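The primary structure of each chain is shown beneath.
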Amino acid sequence: MIFSGSPDKEALQGQGRDIYNLPSKEFGPDDENVIECEDVSKEFNLIGRDEKIYALKEINLKQHDEFYPIKRGEFVIIRGPSGGGKTTFLNQVGTIDTPTSGTIRLLGREVNKLSKDSYLSDLRLTTIGFVFQTFNLIATMTAYENVELPMRILAKLSEKEIKKRVRELLKSVGLQDRMDHLPSELSGGEQQRVAIARSLANSPQILLLDEPTGDLDSKSTVEVMDILLKLNNFGYNESNHIPCTMVMVTHNPDLECYAHRIIYIKDGKIEKQAINERQSPLRYEQYLHYLNSQN
Ligand SMILES: Nc1ncnc2c1ncn2[C@@H]1O[C@H](COP(=O)(O)OP(=O)(O)OP(=O)(O)O)[C@@H](O)[C@H]1O
């Protein structure tokens, strides 16, 4: 599928940051490992029943294996059937939960079933950003205040730095004119863009996204995906272009073109993976035409 004519095209082509002409990229053993998994399994005990659910079964993302670790700057999409283990995998990588057995290494820092809560929450706050399907913005706070909140919790920046950073982040998602709006005064796509800006507040090296476009119409889906592609390739700080490593769960096969690699999880295991030679954004008008032709 090749589509052309996205609404954000001009903005996304500014300053040599052309998401429509990205170079091909191949990740190899010499690229830095950001997420490694070794025999990661997750069982759930069902309350009141002598029964277990095996949600993940010995997931491996290992150096020199076919399923290699997620590399610095890689954009990985996780797909697979419902109930296959995608969200469980993302939750283990995000340290929201710990594996029943096996080890995850995030930038070399180990996570396993013995990891202490304080260690995990520090790792989360400093290393990982989350974006969820339902945005999870605080309803009584403006876009500005929602983005500012994680910086206040981490308490590392001065007032002046916080102000500069919130403005920079909202600008990077195209919402510099919506800073004082409450979530209820924003469209779904705009709310998700605030959620993306908030997820980047503490400069995470890893961004985890669970169905970020699941509640959006096709136009907002393309807008949000184009922003993610820009952040993945060019970073989000005007003075410091560090690409953000991203892992995103989605049911939408049309979004696979945004990723470097697509990992398919089925029955708790990695079934297969596909590698794109280069990332290529959808072109909204042609995508819409394609969607209409499918109905
Ligand atoms: N807290 C839990 N307690 C018990 N079972 C759970 C729990 N969380 C997930 N499961 C089970 O683990 C399996 C994997 O669930 P998971 O949510 O990871 O799948 P998924 O691929 O993300 O599905 P979907 O695409 O429908 O969101 C499912 O069988 C699910 O019922």
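Criteria and thresholds
- Residues numbered from 1 in each chain as written.
- Predicted model: local features only at pLDDT ≥ 70, side-chain atom pairs only at ≥ 80, totals over all residues.
- Heavy atoms only, no water.
- Helix = DSSP H or I, 4+ residues; strand = E, 2+ residues; numbered from the N terminus.
- Rg over C-alpha atoms; globule rule 2.2 N^0.38 Å.
- Buried < 20%, exposed > 50% of the residue type's maximum accessible area, 1.4 Å probe, protein only.
- Contact = heavy atoms within 4.5 Å.
- Areas by Shrake-Rupley, 256 points an atom, 1.4 Å probe, with all protein chains shown as cover.
- Lys, Arg positive; Asp, Glu negative; His and termini not counted.
- Charge placed at Lys NZ, Arg CZ, Asp CG, Glu CD.
- Disulfide = S-S within 2.5 Å.
- Pairing = 2+ DSSP bridges.
- Axes fitted to C-alpha atoms, helices over the stretch in contact; angles between N-to-C directions.
- Near = heavy atom within 4 Å.
- Polar contact = N/O pair within 3.5 Å; in protein donor to acceptor, adjacent residues only side chain to side chain.
- Core = buried A, V, L, I, M, F, W, Y, C linked by side-chain atoms within 4.5 Å.

The protein appears in an unreviewed UniProt entry as ABC transporter domain-containing protein from Paramecium tetraurelia.

Asker: Whenever I open this one, the overall build of the protein confuses me. Can you help?
Answerer: The secondary structure content of the protein amounts to eight helices and eleven strands. For a compact globule of 295 residues, the expected C-alpha radius of gyration is about 19 Å, and the protein comes in at 19 Å, within 12% of that figure. The dimensions of the protein, computed from C-alpha atoms along their principal axes, are 55 × 50 × 45 Å. A total of 295 residues make up the protein; the buried ones form 51% of that total. Across the protein, the fraction of contacts at a sequence separation of at least 24, relative to all contacts at a separation of at least 6, is 70%. Of the accessible surface of the protein, which amounts to about 14200 Å², a share of 46% is contributed by carbon and sulfur atoms. Across the protein, 36 positive and 43 negative side-chain charges occur, with their mean positions spaced 3 Å apart.

Asker: Can you walk me through the state of the cysteines in this structure?
Answerer: Linking two cysteines covalently via their sulfur atoms produces the bond known as a disulfide. All told, the structure shown has zero disulfides when counted by the stated rule. Free cysteine: Cys-37, not disulfide-bonded; nearest cysteine sulfur from Cys-244 at 18 Å.

Asker: How should the sheet that holds strand S4 (residues 75-79) be read in this particular structure?
Answerer: Two orientations exist for strands paired in a sheet by backbone hydrogen bonds: parallel and antiparallel. Reading across the sheet, the six strands line up as S7-S8-S9-S4-S10-S11 and stay open at both edges, with mixed pairing between neighbours. Edge positions in the open sheet fall to strand S7 (128-132) and strand S11 (269-275), since each of these has one partner strand only. Recorded for the sheet is a direction-independent mean angle of 20° between the axes of neighbouring strands. Looking at chain direction, S4 and strand S10 (residues 261-266) are connected through four bridges and run parallel. The residue of S10 that forms the bridge with Ile-77 is Ile-262. Lying on the sheet, helix H2 (residues 86-93) is in contact with S4, S7, strand S8 (206-210), strand S9 (245-249) and S10; it crosses S8 at an angle near 155°. Relative to S9, helix H7 (residues 218-234) is tilted by about 150°, and along the sheet it contacts S4, S8 and S9.

Asker: Sorry, what's going on with the site of the ligand here?
Answerer: Not every one of the 13 residues close to the ligand is listed here, only the nearest: Ser-82, Gly-83, Lys-86, Thr-88 and His-251. Gly-84 has a polar backbone atom sitting 3.1 Å from an oxygen atom of the ligand. Here the ligand, which alone exposes 640 Å², has 62% of that area covered by the protein. Taken together, the elements giving at least two residues each to the shell around the ligand come down to strand S2 (52-61) and H2. Element by element, the count of residues in the shell around the ligand is highest for H2, at three residues.

Asker: So what exactly am I meant to see when it comes to the nonpolar core here?
Answerer: The tendency in soluble globular proteins is for nonpolar side chains to be buried as a group. The biggest cluster of nonpolar side chains holds 50 residues, and the ones touching the most others in it are Phe-75, Leu-228 and Tyr-258. For this core, the element with the highest residue contribution is H7, accounting for eight residues. The contact partners of Leu-228, leaving out residues within four places of it in the chain, are Phe-75, Ile-196, Leu-207, Leu-209, Met-246 and Met-248. Among the nonpolar cores identified, the runner-up in size contains 28 residues, and Ile-35, Leu-61, Ile-70 and Leu-120 belong to it.

Asker: Looking at this structure, how should I read the pairing of S4?
Answerer: Side chains on a regular strand alternate between the two faces of the sheet. Summarising burial for S4: five of the five residues are buried, a large majority. Alternating residues of S4 divide into Phe-75, Ile-77 and Arg-79 and Val-76 and Ile-78, and every residue in both groups is buried. The sheet contact formed by S4 and S9 spans four bridges and is parallel. When the bridges of S9 are listed, Ile-77 appears paired with Met-248.

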